[in-house]
Structure formats: structure tokens, C-alpha cells
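The chain contents come next:
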Amino acid sequence: MPLIQLTPAQRKEHRAEAHHLDPVVMVGNDGLTENVKKEIDGALSAHGLIKVRVFSDDRVARDAMFQSLAEDLSAAPIQHIGKLLVLWRPKVDKEKIVDEDRMAGPRDVKVLKYSKRAGQRPEVKTLRVLGNQRLTAGGNVKRAKPKPKVSLKKRNQG
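Definitions and cut-offs
Residues numbered from 1 in each chain as written. Predicted model: local features only at pLDDT ≥ 70, side-chain atom pairs only at ≥ 80, totals over all residues. Heavy atoms only, no water. Helix = DSSP H or I, 4+ residues; strand = E, 2+ residues; numbered from the N terminus. Rg over C-alpha atoms; globule rule 2.2 N^0.38 Å. Pairing = 2+ DSSP bridges. Axes fitted to C-alpha atoms, helices over the stretch in contact; angles between N-to-C directions. Buried < 20%, exposed > 50% of the residue type's maximum accessible area, 1.4 Å probe, protein only. Lys, Arg positive; Asp, Glu negative; His and termini not counted. Salt bridge = Lys/Arg side-chain N within 4 Å of Asp/Glu carboxyl O. Polar contact = N/O pair within 3.5 Å; in protein donor to acceptor, adjacent residues only side chain to side chain. Contact = heavy atoms within 4.5 Å. Expected span 1.5 Å × (residues − 1). Arc of directions from axis to C-beta.

Student: I tried to follow the overall build of the protein chain on my own but got confused; where do I start?
Tutor: Looking only at helices and strands, one finds 4 helices and 8 strands in the protein chain. Listed N to C, the secondary structure of the protein chain is α-β-α-β-α-β-β-β-β-β-β-α in terms of helices and strands. Whereas a compact globule of 158 residues would reach a radius of gyration of roughly 15 Å, the protein chain reaches 29 Å, over 25% beyond that. Across its three principal directions, the C-alpha atoms of the protein chain cover 75 × 55 × 35 Å.

Following this line, the structure appears as C-alpha cells:
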């Protein structure tokens, strides 16, 4: 997979965005395993710009890890400072599934109506709630309040 090449201005912009981020993935003593790569790939897909903390003290190994991550995951290496690695990959927009046949409509809600007399079982009622209605805490269906035709200011004047 090819490495993403960025201009210095783009890299600077991504460094500024990554400044306030916390590390999402930690690379432990085992180094860069397949599971760690999979976690980093998932984090890149979800966030686009991530920080990775490496607990190794060997700078050369961290630098090699940084370059191999960027190449293997087709990401852009943004910054390697200390034990933090910053990687960026453009997020892929998910296609939203639109069901044209689906329309907003009524929904059926089951409500328990308790009796005022003690010892009676609660009654289970199925109520149909329309789009402009809501269900109250007492189990009643209320319609949305109609908008006043006259403003409050004009109503108070006259």
C-alpha cells in the first residue's frame, strides 16, 4: 500500500489538529503485532488522525515502526516526537442507506395502566402514537401544542 505524501503546510495543519488529542493505541513490550496493527487501522478508519504511544526506549526501532505503520496502513506519517507517533489517513464517508419506501408514521407503544384499587393487576394497553404526539409519564397521549396565531406581545396589548 502506498504511503500518503503531504505538503509541509498540510503536515503542519494536521500537527496542529493532533496537539490536543490523547493517544488512542498503546504499543507495549511485544512491539508491533498484527493485533496492534488491526487496532491502529480501526482507529484510523474511525478518527482519521490519531496518536500512538510506544513504550519502547529504542528510538531507531520507534522510527522504523513509524515508517512501517505508515506504509502498511497507507497512512501519512505526521509527527514522531518522543514516544508519540501521529498518523493521518483520510476518513472514508459511509454511504447512508436510504429506504425510499420508509415513511414516518405511527408507532405502537405498550403501556401499563395501574388500577386505583389495591390488589388489581395492571392493565396492558397498546397505544398508537402519531408523529405529532408524545407519551406522558402517566401513560397518556398528548398532541403537540399548536402554534399561537398571534404573538405574545400583540396578545398582551389587546
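Student: Just to check I follow, could you spell out the sheet that holds strand E3 (residues 76-81) for this structure?
Tutor: Backbone-to-backbone hydrogen bonds join strands into a sheet, with any given pair of strands oriented parallel or antiparallel. Overall, mixed pairing links the 4 strands, which are arranged E1-E2-E4-E3 in an open sheet. Looking at which strands have only one partner, the edges of the open sheet turn out to be strand E1 (23-27) and E3. Averaged over all pairs of adjacent strands, the angle between their axes in this sheet comes to 25°, without regard to strand direction. One ladder, built from 4 bridges, connects E1 with strand E2 (residues 49-54); its direction is parallel. Looking at the pairing, Val27 lines up with Val54 of E2.

Student: What's the story with the environment of His19 in this structure? I'm lost.
Tutor: Along the chain, His19 falls in the loop between helix H1 (8-18) and E1. On the basis of relative accessible area, His19 is assigned to the exposed category, the value being 57%. Considering only alpha carbons, one finds His19 and Lys51, 32 residues apart in sequence, at a separation of 9.3 Å.

Student: It is not clear to me how the side chain of Arg62 should be interpreted in this structure. Could you clarify?
Tutor: Structurally, Arg62 can be placed in helix H3 (residues 59-72). No salt bridge forms around the buried Arg62; measuring N to O, its nearest opposite-charge neighbour Asp57 is 5.2 Å away. Reaching out from Arg62, the side chain makes a polar contact with the backbone oxygen of Ser56 at a distance of 2.7 Å. Sequence-distant contacts of Arg62, defined by excluding residues within four places in its chain, comprise Val54, Ser56, Asp57, His80, Gly82, Lys83 and Leu85.

Student: Explain H3 here, please?
Tutor: What sets the pattern is the α-helix's 3.6 residues per turn: residues three or four places apart point alike. When the terminal C-alpha atoms of H3 are compared, their 20 Å separation across 14 residues agrees well with the 20 Å that a helix rising 1.5 Å per residue should span. Listed as buried for H3 are Arg62, Met65, Phe66, Leu69 and Ala70. In a view along the axis of H3, the buried residues occupy a sector of 130°, so they form one face of it. Of the surrounding secondary structure, the elements contacted by the buried residues of H3 are E1, helix H2 (34-47), E2, E3 and strand E4 (84-88). Residue Ser74 follows H3 closely and has a positive phi angle near 50°.

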